[in-house]
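Architecture at a glance
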Amino acid sequence: MRSQFGPTLPLLILDAAGSFAITIPLVGVLVRYRAHYSPKAVQLESEDGVQLEARTGPVIDGYFSTLKRVYKFEGWAGFYKGAVPELLTGGLLLVLLTIVPILLYGTDSPGTWPDKAKLEALGYPAMVAFSCATLLISLPITVLTYRIIVTPHKLSWLGLRQSLCTVLTPTERTRPWMLYQTPGLLVAQLLNAVVTPSLMVFQRFVLPDIPRSRGEIDFRFILQFSVYVILIILETSIVVPLQIISTRLALQRNHASQTHSQDGTNGIESVLPVYSAEEDVIGLRDENDPYTSFFDCLKRMISEEGVATLFRAWWITFIPVFAAGILDAGKKPNFHT
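Quick look at the structure, then. As the structure is a computational prediction, the values presented were derived from the model and not from experiment.

The rules behind each value
Residues numbered from 1 in each chain as written. Predicted model: local features only at pLDDT ≥ 70, side-chain atom pairs only at ≥ 80, totals over all residues. Heavy atoms only, no water. Axes fitted to C-alpha atoms, helices over the stretch in contact; angles between N-to-C directions. Helix = DSSP H or I, 4+ residues; strand = E, 2+ residues; numbered from the N terminus. Parallel < 35°, antiparallel > 145°, perpendicular 65-115°, else oblique. Nonpolar A, V, L, I, M, F, W, Y, C, P; charged D, E, K, R; others polar. Core = buried A, V, L, I, M, F, W, Y, C linked by side-chain atoms within 4.5 Å. Buried < 20%, exposed > 50% of the residue type's maximum accessible area, 1.4 Å probe, protein only. Contact = heavy atoms within 4.5 Å. Patch = residues over 30% accessible without salt bridge, like charges linked within 9 Å, V, L, I, M, F, W, Y side chains within 5 Å. Areas by Shrake-Rupley, 256 points an atom, 1.4 Å probe, with all protein chains shown as cover. Salt bridge = Lys/Arg side-chain N within 4 Å of Asp/Glu carboxyl O. Phe/Tyr/Trp six-rings, centres within 6.5 Å; stacked < 30°, edge-to-face > 60°.

**Describing the packing of helix α9 (residues 185–206) against helix α10 (residues 219–250)**
Taken N-terminus to C-terminus, the directions of α9 and α10 make an angle of 170°; their axes are 9 Å apart at the nearest point. On the basis of their axis angle, the class for α9 and α10 is roughly antiparallel. Considered class by class, the residues forming the contact of α9 with α10 number 18 nonpolar, seven polar and one charged.

Structural data, given as C-alpha cells:
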C-alpha cells in the first residue's frame, strides 16, 4: 500500500499548491469586486436634459479594474490576503471528498480510491446533504477569509490574536456561533447549496453527447444543447446573486448592541499598519447601517446600487460550469468509439 500511495501523494500536493497559487489571487479580486459598495448619488442633469447617474466612493467598473487597484494600493502581498484560511478550507474539503466516501463505501482494493460510479449513485439527496454539510462546517472560515481579504490593514499570522481582534468583534470572539446568526447569511448559503445541485441534475439529464462528426449534429442535438445552455444561464442568474449577497452579509460584523461604542475594535485597528494611506481598494458599506435580513440585503442592493450589482463578474461562474459540462459530455461511454 505504501508504494502505491508514495508517488501519488507528492503529485497531489504539488497540484494543489499550484492550483492555490493561481486561484487565491483571482478569488481575492472577485471577493473585493463583489463586496465593493457603490451607491448611486444624486441624479445630475446635463445641459441637454439628459439624466446622468453619479456614484460615490472609489470608481470600479469591473473585475480587471479591481485587479489593477489591488496591485496599485496593496502590491503582490494584497493578492494573497486570506491565503491561510483558504488553505484550511481546501484541506477540509479534501478530507470530506476523500475520507467520507471511504468511510461510506470502503475501498475497492488496497491503495485505490472508491469507484466514482458509487459516489454518483448516492443521488440528489446525498448531493444536497453533502453540500449543506460542507457549507455549515466551512462558513466560519469563509467569513474570516472574506474579512481578511477586504481589510485595509496588514495582518500577521504571527500576531494571530491581534489579527482576529481586527476582523472579529468582541461578541464574535466570545460567542463564535454568532457568525451563523449573521442576518441572512445562512439563508443565502443554504439556498446556494440547494439550488446548485438541483440545477446540476437537470443539466446532466439534457446534456447531449459530443458529436464525433458533422453528420451527428442534428435537430435533437441542437435542441438538447440549447436547453443545456439555457439551464446554465438560469443557474448563473440565480447563483451569482446568491454568492454576492453572501459576500456582503459575511462582511457584516455582529455586535452586542446597536451602538458599537462598547463592542468595537477601533483601538486595535488604529495601531495596525495599512497597505495604503492614500485610498482603500474598495468602498464598504457603513457598519452602523447593516442589512437586517437576506431580503433586506437584496432589496437595498437593488435600490441603492442597481440590479447590475447582483451580477458582477457573472462570467466567472458561467464559464467553469459550461466547460465542466462539456468535459463531462466527453467522458460519456458512448463518446469513444
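Alright, that's what it looks like, and here's the rest.
**What to know about the nonpolar core**
Core analysis: the biggest nonpolar cluster contains 38 residues, and Val150, Ile245 and Met301 have the highest contact counts within it. Secondary structure elements with two or more residues in this core: α2 (8–35), α3 (63–79), α6 (123–150), α9, α10 and α12 (294–305). With residues up to four places along the chain from it excluded, the contact list for Val150 reads Val31, Ala35, Lys81, Leu251, Ile282 and Leu284. Formed by six residues, the second largest nonpolar core is a distinct cluster that contains Leu207, Tyr228, Leu231 and Ile232.

**Focus on a nonpolar patch on the surface**
Judged by side-chain polarity, Phe64, Ile302, Val307, Phe311, Trp314, Trp315 and Ile319 come together as a nonpolar surface patch covering roughly 650 Å² of accessible area. Tallying contributions element by element places helix α13 (residues 314–330) first for the nonpolar patch, with three residues. Mapped onto the elements of the fold, Phe64 is located in helix α3.

**Side note on the side chain of Asn192**
You can see Asn192 is positioned in helix α9. Given the relative accessible area of 17%, Asn192 is considered buried. Those residues in contact with Asn192 that lie beyond four places of it in its chain are Pro197, Val239, Leu242 and Gln243.

**Things to note about the packing of α10 against α12**
For the pair α10 and α12, the least separation of the axes is 10 Å and the interaxial angle reads 100°. Comparing their axes, α12 and α10 come out roughly perpendicular. Within the contact between the two elements, α10 uses Leu242, Ile244, Ile245, Arg248 and Leu249 and α12 uses Phe294, Cys297, Leu298, Met301 and Glu305. Here the contact of α10 with α12 is built from residues that sort into eight nonpolar, no polar and two charged.

**Let's talk about the environment of Thr247**
Assignment of secondary structure puts Thr247 in helix α10. Since its relative accessible area comes to 4%, Thr247 is described here as buried. The sequence separation of Thr247 and Gln189 amounts to 58 residues, and the corresponding C-alpha distance is 9.8 Å. Not counting residues within four places of it along the chain, the set of residues in contact with Thr247 comprises Val31, Ala35 and Tyr146.

**Things to note about the packing of aromatic side chains**
On inspection of all chains with the given rule, the structure shows 12 aromatic pairs. Ring geometry for Phe64 and Trp315: centres 5.9 Å apart, planes at 10°, overall stacked. Taken as a pair, Phe64 in helix α3 and Trp315 in helix α13 lie far apart in primary sequence, 251 residues in all. Between the aromatic rings of Phe225 and Tyr228, the centroid separation amounts to 6.5 Å while the plane-to-plane angle is 40°, which identifies the pairing as tilted. Here Tyr228 and Phe225 lie together in helix α10, a separation of three residues that amounts to about one turn.

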